Amino acid sequence: MAAPKKGRGPASGGQGKPGRALAAILIAIGALIGGMFWSGETTPRLGIDLAGGTSITLKAESEPGKRNAVNNTNMQTAIGIIERRVNGLGVSEAEVQQQGTEHIIVNIPRATDSEKAQKQVGTTAELYFRPVLAVAGSAPLPEPSAGGTPSATPSGKASTPPSPKPSATTQGRAVPEALKKDESPTPKASPSGKPATTPAPQPSASGAAAIAALDKQFAALDCTPKKDTKEVPNPAQNADPAKPTVACGTEGDAKYILGPAEVAGTDVDEAQGVLDPQRGRWIVQLGFTDAGTKKFAATTGKLASQVQPQNQFAITLDGQVVSAPSVSSAIGGGSAEISGSFDQASATELANILSYGALPLSFEQESVTTVTAALGGEQLKAGLVAGAIGLALVVIYLVVYYRGLSVIALLSLLVSAALTYALMSLLGPAIGFALNLPAVCGAIVAIGITADSFIVYFERVRDEIREGRTLRPAVERGWPRARRTILVSDFVSFLAAAVLFIVTVGKVQGFAFTLGLTTLLDVVVVFFFTKPLMTLMARTKFFSSGHPWSGLDPKRLGAKPPLRRSRRVSVTTEPKEA
């Protein structure tokens, strides 16, 4: 009989230093919990169905003849526009995420007005080209003095686009003469046929009231971003494009008085950010439709003869000014370019915004779910109760059937729960993970998956004891077989979760994500906590002696007596005499 080879005994596999693995996983738990408190995210972020609010699922569709319009670039542009719209509702915790290649999920918590939210996120972006009538810094202007009068109109010298400083008067009056001229009546000829002396244009009573109201609104407007949410006010979000309005820049660094819209976003055929090889700087090239070409040529012709800042046109998206370039001459031919201090990112962003006004993307609302905060609280309570019942049943089964071994299983479940909770809390601000009701179901299912791994290992150890081995060799010999089974089982669960996450949209992805996360954590806990802890427990007298309450009693398990081999007695035979 061949002697056993060295290094292949049950002692191999790291049973000599199980404390290192335990220390590593405990340090990891401490680091995650410390990160929770350091970041202030001590609880998982709740989804709409648990916290209450509105969830809208949008599906992007291409118009006929433009099949490639639904791409990642256009989807990201749409997400940015929808985010600005949702923030305009005054909701600071809203989430807009892309799922798959053609779906956008909009989550608006705290039960915001559902009808208004649907209207905001489901319509095409409103892009307009408006003439600039006045521009000033973002802060409110000082009130005019008692005897102050408006200064004269700006000089006729051309200049570069102004910095965000008041461009009208020092008395707080900002409405330019151009707006007053638009409100004035047209002169008429005298009855004698000779040209009558045309009086200075004076606005009508209603026009003067409108000018005064607009002037007052502009002076009081504060476009400074809010300190807590960084949200920029948007007074022109629902403004009539046929009337003058006040507006803020997207960065909150300037405020404007804008004239009626001259060109709409639907008149833009295409826009792209390109690098001008001759000047070595980034520019944005525009192409217009036939109707847009005529409108843009007429508008730029009027603006070119104006003085600063009335020779600028503002590009507004959903009421906010994204750019305000100046015009030096009429631009015809159906194409134009916007130059300035662009880099590649800013030029591409502006081109995407300009293109979106005429982008062949429409959104269909596939589903809209509105949950009140009270109903969300009830669903959360029901989910927690279901999880507690499931955990209690698992604990009862482990204690009754495995007795002392149940301590190892319960400690492992506790470690798995701590890792899961910490990661869910940190993944909220990191990747936008929100714990919804399907995710809670995935966590409940994970209790059974994790307990199943412990049971597989415990039964392998018991099988070795039934074969007549003592506990310490049984722990090490049962581990390779149990490890293989656990890895195969968890791989199948993770594969199912990954496929479910990829092919589904919406809340079901929460279930798939939680299931996949807990499956990975199950492998980590079994390898770095359950197995090392079992090795340490096997060295204690309570378990190694096979105490009846240890769950490893050889008599209770019906173990075979150890196989004892008797030595052969050598018999010497003496030679017989003849």
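Residues numbered from 1 in each chain as written. Predicted model: local features only at pLDDT ≥ 70, side-chain atom pairs only at ≥ 80, totals over all residues. Heavy atoms only, no water.

Enquirer: How should the overall build of the chain be read in this particular structure?
Expert: Assigned secondary structure in the chain consists of 15 helices and 13 strands. Counting only contacts in the chain whose residues sit at least 6 apart along the sequence, the fraction spanning at least 24 positions is 76%. Just so you have it, the chain exposes about 31100 Å², and 58% of that area is on carbon and sulfur atoms. (Helix = DSSP H or I, 4+ residues; strand = E, 2+ residues; numbered from the N terminus. Contact = heavy atoms within 4.5 Å. Areas by Shrake-Rupley, 256 points an atom, 1.4 Å probe, with all protein chains shown as cover.)

Enquirer: Is there a simple way to think about helix α11 (residues 437–466) in this case?
Expert: The periodicity of an α-helix, 3.6 residues per turn, causes residues three or four places apart in sequence to face the same way. Between its terminal C-alpha atoms α11 stretches 44 Å, which fits the 44 Å expected from 30 residues at 1.5 Å a residue. Structurally, the start of α11 carries an N-cap: the backbone nitrogen of Ala439 is 2.9 Å from a side-chain oxygen of Asn436. Gly468 sits one or two residues past α11 and shows a positive phi near 100°. (Expected span 1.5 Å × (residues − 1). Polar contact = N/O pair within 3.5 Å; in protein donor to acceptor, adjacent residues only side chain to side chain.)

Enquirer: How should I be thinking about the sheet that holds strand β9 (residues 281–288) in this particular structure?
Expert: By way of backbone hydrogen bonds, the strands of a sheet pair with one another, either parallel or antiparallel. Pairing is antiparallel across the open sheet formed by 3 strands, whose spatial order is β8-β9-β12. Of all strands in the sheet, those with a lone pairing partner are β8 (268–276) and β12 (335–339), marking the two edges. On average, each strand axis in the sheet is inclined to that of its neighbour by 25°, with strand direction left out of account. The sheet contact formed by β9 and β12 spans 5 bridges and is antiparallel. (Pairing = 2+ DSSP bridges. Axes fitted to C-alpha atoms, helices over the stretch in contact; angles between N-to-C directions.)

Enquirer: Quick question: what am I supposed to make of the state of the cysteines here?
Expert: Cysteine pairs can be covalently joined through their sulfur atoms, and such a bond is termed a disulfide. Under the definition given, this model contains 1 disulfide. Covalent S-S linkage joins Cys223 and Cys248, the inter-sulfur distance amounting to 1.9 Å. Taking the torsion about the S-S bond as the criterion, the Cys223 to Cys248 disulfide, at about -70°, is left-handed. On the criterion of sequence distance, the pair formed by Cys223 in the loop between α6 (205–220) and β5 (245–248) and Cys248 in strand β5 is long-range, its members being 25 residues apart. Judged by relative accessible area, which is 0%, Cys223 ranks as buried. (Disulfide = S-S within 2.5 Å. Buried < 20%, exposed > 50% of the residue type's maximum accessible area, 1.4 Å probe, protein only.)

Enquirer: How should the pairing of β9 be read in this particular structure?
Expert: Sheet topology places β8 next to β9; 8 bridges connect them, and they run antiparallel. Note that in β9 the partner of Asp276 across the bridge is Arg281. Connecting the antiparallel pair β8 and β9 is a turn made up of 4 residues, with Gly280 showing a positive phi of about 70°.

Enquirer: I'm lost on the environment of Gly53 in this one. Help?
Expert: Relative to the helices and strands, Gly53 is located in strand β1 (residues 53–62). Counting along the chain gives 317 residues from Gly53 to Thr370, while the straight-line C-alpha distance between them is 5.6 Å.

Enquirer: So what exactly am I meant to see when it comes to the packing of α11 against helix α12 (residues 471–503) here?
Expert: To describe two helices that pack against each other, one gives the angle between their axes and the distance between the axes. Direction vectors running N to C along α11 and α12 enclose 145°, while the axes themselves pass 7 Å from each other. The two elements α11 and α12 meet at a crossing, and its hand is right-handed. When the residues that make up the contact of α11 with α12 are grouped by side-chain class, the tally is 11 nonpolar, 5 polar and 6 charged. (Left-handed = near helix turned anticlockwise from the far one by under 90°. Nonpolar A, V, L, I, M, F, W, Y, C, P; charged D, E, K, R; others polar.)

Enquirer: What is the right way to read the packing of aromatic side chains from this model?
Expert: Each aromatic ring pair is specified by the distance between its two centres and by the angle formed by the two planes. Counted according to the given criterion, the structure contains 14 aromatic pairs. Pairing Phe288 with Phe296 gives two aromatic rings, centres 4.4 Å apart and planes at 25°, and the pair type is stacked. Given the relative accessible area of 3%, Phe296 is considered buried. Measuring from centroid to centroid gives 5.2 Å for Trp479 and Phe527, while their planes differ by 75°, and the two rings are edge-to-face. On the criterion of sequence distance, the pair formed by Trp479 in helix α12 and Phe527 in helix α13 (residues 508–537) is long-range, its members being 48 residues apart. For Trp479, a relative accessible area of 7% corresponds to the buried category. Positioned over the ring face of Phe218 is Lys255, at 5.1 Å from the centre of the ring. The residue whose ring lies beneath Arg403 is Trp549, and the NZ or CZ to ring-centre distance is 4.5 Å. (Phe/Tyr/Trp six-rings, centres within 6.5 Å; stacked < 30°, edge-to-face > 60°. Lys NZ or Arg CZ within 6 Å of the ring centre and 35° of its normal.)

Enquirer: Which parts of the structure should I look at to understand the packing of helix α10 (residues 405–431) against α11?
Expert: Running from amino to carboxyl end, α10 crosses α11 at an angle of 145°, the nearest separation of the two axes being 10 Å. For the crossing formed where α10 meets α11, the hand is right-handed. Contact residues: Leu405, Ile408, Ala409, Ser412, Leu413 and Ser416 in α10; Ile447, Thr450, Phe454 and Phe458 in α11. Grouping the constituent residues of the contact of α10 with α11 by class yields 7 nonpolar, 3 polar and no charged.

Enquirer: Can you walk me through the pattern of salt bridges in this structure?
Expert: Under the counting rule described, the total for this entry stands at 11 salt bridges. Of the charged contacts, one joins Asp463 and Arg466 as a salt bridge, the two residues approaching to 2.9 Å between their closest N and O atoms. Placement of the pair is Asp463 and Arg466 together in helix α11, with a separation of 3 residues, close to one helical turn. Given a relative accessible area of 33%, Asp463 falls into the partly exposed group. (Salt bridge = Lys/Arg side-chain N within 4 Å of Asp/Glu carboxyl O.)

Enquirer: What's the story with unusual backbone geometry in this structure? I'm lost.
Expert: Following Gln308, the chain continues to Pro309 via a peptide bond in cis, the omega torsion being 5°. With respect to the helices and strands, the residue Pro309 is situated in the loop between α7 (290–304) and β10 (313–317). Of note in the backbone geometry, Arg403 takes a positive phi value of approximately 50° without being a glycine.

Enquirer: What exactly am I supposed to notice about α12 here?
Expert: Given a rise of 1.5 Å per residue, 33 residues ought to cover 48 Å, and the 46 Å separating the end C-alpha atoms of α12 matches this to within 8%. The axis of α12 is deflected most strongly, by about 35°, at Trp479, and proline Pro480 appears within four residues downstream. Looking at α12, one finds that the buried residues are Leu471, Ala474, Val475, Glu476, Gly478, Trp479, Ala482, Ile486, Asp490, Ser493 and Ala497. The inward-facing, buried residues of α12 contact α11, α13 and α14 (541–544). (Bend = angle between axes of the 7 residues up to and from the residue.)

Enquirer: Help me understand a nonpolar patch on the surface in this model?
Expert: A cluster of nonpolar residues, Val488, Phe491, Val492, Leu495, Val499, Phe501, Ile502 and Val503, forms a patch on the protein surface that exposes about 790 Å² of accessible area. Residue Phe501 is classed as partly exposed on the basis of its relative accessible area of 35%. (Patch = residues over 30% accessible without salt bridge, like charges linked within 9 Å, V, L, I, M, F, W, Y side chains within 5 Å.)

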